[in-house]
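The chain contents come next:
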Amino acid sequence: MKQYLAIITLSGVQSFIEQSRKTGDLWAGSQWMAKTMDQLHDEIIKKYSFCSVIFPQGVSSSKDAFRVAFPNRIVLLLKGEQTGEEYEREIQWIIDKLQKQAVESSVRQIKQQFPLMPTDLADKQLRSLFKFHFVVTSHGSSLKETMDEAEQQLRTKKKQFVYQDWMSQPEHGLVCPVCQERTALTNTPFTPRLSMGKMKQIAWETWTQLWEKAQEDRKFVLAKENEALCAVCLSKRLRLKESKYKFPSLDVIAEKKDPYYGLLMMDGDQMGDRMKQSLDDGLGTYQNLSQAITEFAQGVVPDVFSDDEKLLIYAGGDDVMSFLPRKNVLQLAGKLRFAFSQSRPSLNTQTASMGIVIAHRRQPLRHVLAETRKMEALAKAQEGKNSLALTVFLRSGTPLQASLHFGYHEEQYKDEVEKSLAVIKVLPNSFLFELEKALLPGLLSEKEMIRAELKRVLNRSEAPNRLVIEGQLELSKDEANDVLMSLYDRVGRGASEEDRLQQWIAMLHMFNFIAKDEIADKGES
Ligand SMILES: [Zn+2]
């Protein structure tokens with residue numbers, strides 16, 4: 001009996017999901033990806049009843065389909081008399097079949113909206129949408145070594161894959177405004193050397209009826225005026241239209257009284273390595289960990305967001321994406337981070353990092369998504385990881401940015417963050433500007449000197465000697481000093497002293513922005 005390890009994953013998922021103009025695009029895109037993986041998983045199990053899927057474990061697809069997503073990775077063990085090549089051929093066949101069905105059903109939906117449209121362009125765009133990569137690796141001396149080898153092979157395969165040949169880059173014609181990548185669909189195909197005026201005319205003839213419907217009915221998600229979409233972005237909108245669940249729009253997420261909202265992306269720190277290491281203790285340990293991650297996504301994450309559950313875009317394994325109300329951004333981030341390590345005993349030494357952006361609802365969502373992804377990478381680049389990296393985009397002025405270490409004690413994080421928010425809330429706005437004026441020109445870098453300077457500025461500020469917070473907590477100026485310095489110990493881990501000081505001041509400004517009721521930003525109309 002021969003044994004093989006197979007890993008299957010989808011490529012280009014992040015950019016596909018993040019090509020979004022509306023929150024609904026984002027949600028529909030991630031659901032589409034997850035559903036595709038879920039279907040593939042079902043097909044694999046049907047075909048290989050004798051195999052065991054070791055990652056993910058215990059995903060129940062019926063459970064809250066609109067929040068919990070199938071992760072973008074399937075790892076399975078195959079036993080039998082077949083050769084590796086035979087398995088490869090069969091898996092490729094399953095993937096091809098799945099893709100063919102997906103393309104056909106999307107093309108059918110598009111045809112219902114545009115009966116006159118030729119389908120070849122839509123077909124081509126949809127066919128090149130999901131690119132699966134997989135490897136089938138012969139079982140070596142140990143499962144861990146086999147896993148190592150399989151991952152290496154997968155990386156090589158992905159690297160060798162030439163994206164340019166595969167993406168259907170537009171050569172001529174109007175580009176879809178959502179993905180800004182593929183050609184917009186039209187009843188009459190674009191030909192080379194058409195004038196811009198003529199192309200717009202062609203788009204108008206195709207899309208005008210849908211634009212009119214969109215104007216009449218705000219819930220009609222298909223297109224708004226001047227949106228002539230490609231097949232992929234249109235399919236996302238059609239999925240949205242058919243879904244019973246309506247993801248709230250940015251106008252709903254960021255309400256009238258507060259036009260700002262937060263977006264968070266979380267990822268477990270070095271989860272892949274951790275999973276691989278667990279194979280040293282046997283397959284059972286690996287499967288336990290795999291199960292724990294699923295339970296985190298299915299059971300724990302929806303609980304963390306219970307008050308704001310409508311804002312959760314997806315939770316797939318240790319990957320979480322959610323909108324957040326501005327006011328609770330820091331508390332919810334901490335709750336999520338510590339819920340991750342506390343959810344199951346096998347995860348209790350596990351940490352996670354997060355990128356968070358606070359933005360105005362009028363800012364292009366695509367930009368906010370790209371920045372949040374950057375912040376996630378920045379958080380992971382901090383010494384010891386286990387951090388959040390936060391950016392606040394004001395409507396005017398330079399964005400603020402800093403990183404904050406979570407530490408290892410939930411109560412301490414919560415206490416320091418909440419007290420800092422409370423202290424900053426009762427201090428006059430002028431305080432931060434005074435502090436900045438005192439600290440930044442000379443770039444004091446000694447922590448004790450910074451503490452002394454903070455004390456001097458606090459004492460000179462108009463704030464009363466005892467700060468009464470929320471009518472109950474009462475702090476002296478010395479205590480307030482300690483509270484704000486506790487943040488200093490968390491920011492910019494591993495950065496130079498100068499950078500750290502700047503991050504601390506930026507973080508205090510962001511706390512000020514989060515804590516205060518009035519919008520400090522004058523750009524709001
Ligand atoms: Zn598009």
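Above this text you will find the structure in question.
Quick caveat, the model's predicted, so the values are computed rather than measured.

Here is what the cut-offs are and how they apply
Residues numbered from 1 in each chain as written. Predicted model: local features only at pLDDT ≥ 70, side-chain atom pairs only at ≥ 80, totals over all residues. Heavy atoms only, no water. Pairing = 2+ DSSP bridges. Helix = DSSP H or I, 4+ residues; strand = E, 2+ residues; numbered from the N terminus. Axes fitted to C-alpha atoms, helices over the stretch in contact; angles between N-to-C directions. Contact = heavy atoms within 4.5 Å.

Chemist: How do you make sense of the sheet that holds strand S4 (residues 131-138) when you look at a structure like this?
Modeler: In sheet architecture, strand pairing relies on hydrogen bonds along the backbone and comes in two forms, parallel and antiparallel. As summarised here, the arrangement of the four strands in space is S2-S3-S1-S4, forming an open sheet in which the pairing is antiparallel. If you trace the sheet from one side to the other, it starts and ends with strand S2 (52-55) and S4, each paired once. Here the average twist between neighbouring strands, direction ignored, is 25 degrees. Where strand S1 (residues 2-11) meets S4, eight bridges bridge the pair, whose relative direction is antiparallel. When the bridges of S4 are listed, Tyr 4 appears paired with Ser 138. Contacts from helix H2 (residues 23-47) reach S1, S2, strand S3 (74-80) and S4 within the one sheet, and its direction differs from that of S1 by about 160 degrees.

Chemist: Before we go on, may I ask you to explain unusual backbone geometry in this structure?
Modeler: Most of the time, phi is negative for any residue but glycine, and the peptide bond is trans. Geometrically, the link from Phe 55 to Pro 56 is a cis peptide bond, its omega value of -10 degrees lying close to zero. Within the secondary structure layout, Pro 56 lies in the loop between S2 and S3. Phi at Gln 180 is positive, roughly 50 degrees, even though this residue is not glycine. With respect to the helices and strands, the residue Gln 180 is situated in the loop between helix H6 (163-166) and helix H7 (196-216). Not every positive phi belongs to a glycine, and Arg 193 is a case in point at roughly 65 degrees. Locating Arg 193 in the fold gives a position in the loop between H6 and H7.

Spatial relationships are all this shows, so hold off on functional conclusions.
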